2 protein chains.
Amino acid sequence: MPPTPPIAGPVWPLATARLAVRPLGLDQVGLTTGFWARWQRQNRDATVPHALGWLERDGSVDNLRRVAAGESGPHQGMWFSDSDVHKVLEALSWDLGREPSADLSAAVAELTGVLRGAQGADGYLNSYVQAGHEVRWDNLAMSHELYCIGHLIQAGVAHRRGTGRDDLLTVARRAADCVVAEFGGQRRKDTDGHPVIEMALVELYRETGVPAYLDLARQLIDVRGRRVLDPKGHFDSVYYQDATPVREQTTVVGHAVRALYLLSGVVDVYTETGEAALLDSAVRQWESLVATKTYLNGAVGSRFDGESFGDEYELPPDLVYGETCATIAGMMLSWRLLLATGQSRFADHFERALFNLFAGSTSIRRTAFFYNNPAQRRVARPAAPTGTRPRRADAPGTRPEWFECACCPPNIMRTIASLGGYVATESDAGVQVQQYIPATIRTACGALDLATGYPLDGAVALTVAETVARPWTLALRVPDWCARAGATVNGTPAGTQAEGYLEIGRQWSAGDRVVLTLPMPARLTVPHPAVDAVRGSVAVERGPLVYCFESPDQPDDVDLNHVELIVTEPLTEEHRPDLLGDGTVVVCAQGVVRDDSAWGATGWATLGAEPVTAGHRVELTAIPYHLWANRGPSVMRIFIPTVR
Amino acid sequence: MPPTPPIAGPVWPLATARLAVRPLGLDQVGLTTGFWARWQRQNRDATVPHALGWLERDGSVDNLRRVAAGESGPHQGMWFSDSDVHKVLEALSWDLGREPSADLSAAVAELTGVLRGAQGADGYLNSYVQAGHEVRWDNLAMSHELYCIGHLIQAGVAHRRGTGRDDLLTVARRAADCVVAEFGGQRRKDTDGHPVIEMALVELYRETGVPAYLDLARQLIDVRGRRVLDPKGHFDSVYYQDATPVREQTTVVGHAVRALYLLSGVVDVYTETGEAALLDSAVRQWESLVATKTYLNGAVGSRFDGESFGDEYELPPDLVYGETCATIAGMMLSWRLLLATGQSRFADHFERALFNLFAGSTSIRRTAFFYNNPAQRRVARPAAPTGTRPRRADAPGTRPEWFECACCPPNIMRTIASLGGYVATESDAGVQVQQYIPATIRTACGALDLATGYPLDGAVALTVAETVARPWTLALRVPDWCARAGATVNGTPAGTQAEGYLEIGRQWSAGDRVVLTLPMPARLTVPHPAVDAVRGSVAVERGPLVYCFESPDQPDDVDLNHVELIVTEPLTEEHRPDLLGDGTVVVCAQGVVRDDSAWGATGWATLGAEPVTAGHRVELTAIPYHLWANRGPSVMRIFIPTVR
């Protein structure tokens, strides 16, 4: 049992009575070993200095320094580059909450000083506007002023929670108070172009107890749907999340990150106010998202055009946009819905996103990133040039180091730094393990040690280290992909499975050992019949991992554009301890390489008169999708057609 | 036999000995009745005043008037809006060549006066640069200065050919001479960001005989491939057609319109210079285009991102870009390759593009246009608002009236006005009929009257009106979709079929009547097995027409996102004289409406454990693709999955 109040994590509601399950603090869950603990160390050791270096190289900090010094000069990078600084600060802050560091503290202090110096007397802070490139609050559709301040608030809250210090929070509060003074209390009923401040304001309310922040968050949600934003601009009100009032919206539309940041704030406002219509809208839109607008690898937002959701079942892997930030925003939404409802489906979606697209967004060295994430690559593209930063979505053959629009890398960093906060929850009934990540978990009921080789291995061992002297229930999420989960306590079968959890209620004793078994034979997955783009195809999955076929793993004569998989033959699995850094389990399948040369000149033929294609047998090898593009430019596909 | 030199059409080579077949002049081919002749009348009566009105409303003409008056003011619309004026002038000029008109002549005279007034003393003409918004010749990657002047040259050449007058040509030549003075003779070996001037300069050379124009066209082609354009910008050298030297390029890449305008100029330079490497490159790239990067409806350029070609077989209908101008540019390339080689495959591609995507780009009233052309629409979108012009690719439910980037509508207009030039060709051996469009055709061998209900009817009657007193061969293209073509002369079977043409060589007499029969039963078409996006699906085609299933033609309970086609049951055809203006032939197919509701929460399932979907029989009705979106917002698909 924690002796002191826990270190609050990224979502820390005040109205906990309204929650089905409650989050655990960053000091209550510590990742110990394995993939994610290693990534947290890489994040601190490699990604943080890499990111701080880029913020200096790309001028993002200098933009603020110039304002602080009262100097003029052109703004460097995107007009919302301040948000990159704020998000890196948030990442550092969560990482300090995870484990103190003098270096990180010094970096935060320096950047906080820059922000403090740049901040106006009334609390306003936006280096682009302050340098005179735009008029304050004059172009809410595109200015990203509230967006940047939203990220500043998230950073301030994270720093307060992670360190107990007020210096960055003070900068953030002054900026928030400036926003409240301008917009709060219905003073300006304007709509902003890029949501994020809604959830930031709710968290600031949680951290400070000041209702004006919560009220403004609700106001900024309430005003949406009047189609007032920039009707003559390139983007429309659907893009800006301004086409339909939030409470009437039935599915996610428009810019994917905007939609999912907004919905995260909607759930936050529900949590603190109890307005059921907000939760209903968020659940309804989430259901549509997962059933009709999510790729197998967890990508959301099909379209390059407007970085937007497609229509239902518009999920072509070759033209997917799939922004990393959109998948992270979906994880933020799923986590909030999990807290609100306790339903395992939200943790299932979080798992799919985390272990696949999120993990694959970053190189195994953790210093290169995909902004948009390919789900199929027909032709190997040149590697991302060293030391350069594309604007965003140029989609090179490997991950670039940074981006001119650098929203994704710090979004990844802050998620990794705070990942412990997403592993488990508690309730009056007991403890719920939501993600199978090796960790120590301390709750009001007791302390657990979770050990597992998951996701490569389906055995999860939980040892009770401490316990209260009354019965409580340990609920273990049974992933939606798992057909036959089982558990033992001290070697004896135990637990009942219901609604996505295997529950074991008893009087626990220190030393009790629970073993959860999640059988994860490699399996073939078929798409919904309305997903036209991958009809007649299958994907390999194993446990929570989506696999892909990448050219370096295939025989030399295999062109992945002309292969089919023989579904009637068994898949085989092989642990390759040497592959891609830490080793992985590959899955081998029997396939056919088609010789399509008889098709000749055109891309179509009359039914019944198709050219005859020959083929020869081949063994195809699949690796986890998240590991692709770490061996230079390559061809890759997740779905593969079946021999018919 | 024409008593005077013919009125030259859009491509009029000097080195005719190098041509396999020679073009006919605009006065040699007159469209008489049917779809295309009616569209030519609509083009003059409805589209021309519509376009002239929009050029005034959107400020494109005023931009030039202000320069002429020496006034300042912000540029209205896109920075290359001059090109819209030039292209409309070209369209009017070809239409004057087709048939004189006092109104059109007056409009041309007025706009020519505006251009003359705006033109600088040294011939330079670009209202954006002249108004001081950019430095002359300073930003060739994006300035579109040569692009605009290229379209001006095309207009000047068209006006000279269509009317015999020199006034617009004089403006164009002065601009061309300004370009030659700056860039010609290797004075500046720079690369331009948007090809079109290459083919324009070759045509100007053809019209004037001045070799400097041809030399500069070749120079502008030769300099490409050095990756010098704007390496720090949002677009890369592939986009700008600057990644690989033209003679080494193996497939079309990057911005589709840029690629195909460039290749059209490449063939033009080949035609006049005889450099085989240029023709080889163009043929090689065309073959790759048609075999791997062309949609069934003739769309080319898959990607919204960079308006660019995708990789081979990257042809998803739901995310296609398919710019109208790209398909037109492909038609321009195919026509040039047809003249150079005499091979029917180039006319086949022209036909597919013309009768499907091109025809479908425009509303049946001919005053609304698609910029990007959907090939599948899962959800009906709101209609394009009346009286507004989206930037370009917002893809509303129906065709907008105009665009801020208004390249497509005048491109359509100039093609329609000069369409007679693409119907037939001649050679020393005789006459080749390339497209089956009702027309009178006059050649050096004789005159023909072509009558047909094509493309709804496969009977084509050709009557010899005049003939020379020596044998010649009438070659009738046998479309690639037609399995069993036959012909009679005066009722007696005649002709031999070889290499895509049915040839009838004989001493003709006036009054001889040839009947070509092109059986066109409705057929089902399957995609190349590497086109992932439409695997397991078929499309309905009939003759040259690609069909689509649009929601207004289906029973009320049919959601086209959940239907399958029963390929074992026959297709039926029905002429609907009342449908969509002029009537059409619809094709009915037996299908199944799936009830996918059992799929529930996610978009995937484990193979072998898929939810069971029920279904009920339904008759589905397909209309020609080019007629879709004329009855308000709708759902539409070309490819439809098959019952398995």
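Look a little higher up for the structure.
Small disclaimer: the values here were computed from a predicted structure and weren't measured. (Residues numbered from 1 in each chain as written. Chains lettered and ligands numbered in written order. Predicted model: local features only at pLDDT ≥ 70, side-chain atom pairs only at ≥ 80, totals over all residues. Heavy atoms only, no water.)

(A) Summary view of the relation of the copies chain A and chain B. Mapping chain A onto chain B leaves a residual RMSD of 0.0 Å; the transformation is a rotation of 180° accompanied by 0.0 Å of translation along its axis. Both copies of the chain, as the preceding transformation shows, are related through a two-fold rotation axis. Within chain A, the C-alpha atom positioned nearest to the axis of rotation is that of Ala 533 of chain A, 1.9 Å from it. Here 100% of the interface residues in chain A have copies in chain B that are interface residues too; the copies meet face to matching face. (Least-squares fit on C-alpha atoms with pLDDT ≥ 70 in both. Contact = heavy atoms within 4.5 Å.)

(B) Summary view of the sheet that holds strand 2 (residues 29-31) of chain B. Residue and element names in this part refer to chain B. In spatial order, the strands read 2-6-7-8-14-10-11; together these seven strands make up an open sheet with antiparallel pairing. Either end of the sheet is taken by a strand with one partner, and the two such strands are strand 2 and strand 11 (492-493). Bridge analysis of strand 6 (residues 439-442) against strand 7 (residues 446-452) gives four bridges, and the strand direction is antiparallel. Pairing of Ala 439 across the sheet is with Leu 450, part of strand 7. (Pairing = 2+ DSSP bridges. Helix = DSSP H or I, 4+ residues; strand = E, 2+ residues; numbered from the N terminus.)

(C) Up close: the interface of chain A and chain B. Opposite the 57 residues of chain A that make contact, chain B presents 57 residues. Across the chain A/chain B interface, buried area totals approximately 5200 Å², and carbon plus sulfur atoms make up 56% of it. The interface formed by chain A and chain B holds six salt bridges in total. As a salt-bridge pair, Asp 532 of chain A and Arg 378 of chain B come within 2.7 Å of each other at their nearest N and O atoms. Counting across the chain A and chain B interface gives 22 residue pairs in polar contact (both at pLDDT 80 or more). (Buried area = accessible area lost by both parts, 1.4 Å probe. Salt bridge = Lys/Arg side-chain N within 4 Å of Asp/Glu carboxyl O. Polar contact = N/O pair within 3.5 Å; in protein donor to acceptor, adjacent residues only side chain to side chain.)

(D) Just the pattern of salt bridges, in detail. Inspection of every chain in the model, using the stated rule, returns 90 salt bridges over all chains. With a shortest N-O distance of 3.1 Å, Glu 569 of chain A and Arg 617 of chain A are connected by a salt bridge. Taken together, the positions of Glu 569 of chain A in the loop between strand 18 (563-565) and strand 19 (572-576) and Arg 617 of chain A in strand 22 (residues 614-624) put the pair 48 residues apart, joining distant regions of the chain. On the basis of relative accessibility, which here comes to 27%, the residue Glu 569 of chain A falls in the partly exposed class. Residue Arg 414 of chain B pairs with Glu 90 of chain B through a salt bridge whose shortest N-O separation is 2.6 Å. Here the residue Arg 414 of chain B occupies a position in helix 14 (residues 408-417), and Glu 90 of chain B occupies one in helix 3 (residues 82-98), the gap between them amounting to 324 residues. An identical accessibility class is assigned to Arg 414 of chain B and Glu 90 of chain B; each is buried. Several salt bridges converge on common partners, so that one network encompasses Arg 160, Arg 161, Asp 166, Glu 203, Arg 206, Glu 207, Asp 268, Glu 272 and Arg 336 of chain A. (Buried < 20%, exposed > 50% of the residue type's maximum accessible area, 1.4 Å probe, protein only.)

(E) Focus on the side chain of Gln 285 of chain A. All names here are of chain A. Mapping Gln 285 onto the fold places it in helix 11 (residues 276-292). We classify Gln 285 as buried; its relative accessible area is 5%. Ignoring sequence-local partners within four residues, the contact set of Gln 285 consists of Val 246, Gln 249, Thr 250, Thr 251, Val 252 and Leu 263.

Scope: geometric values only; no functional claims are made or implied.
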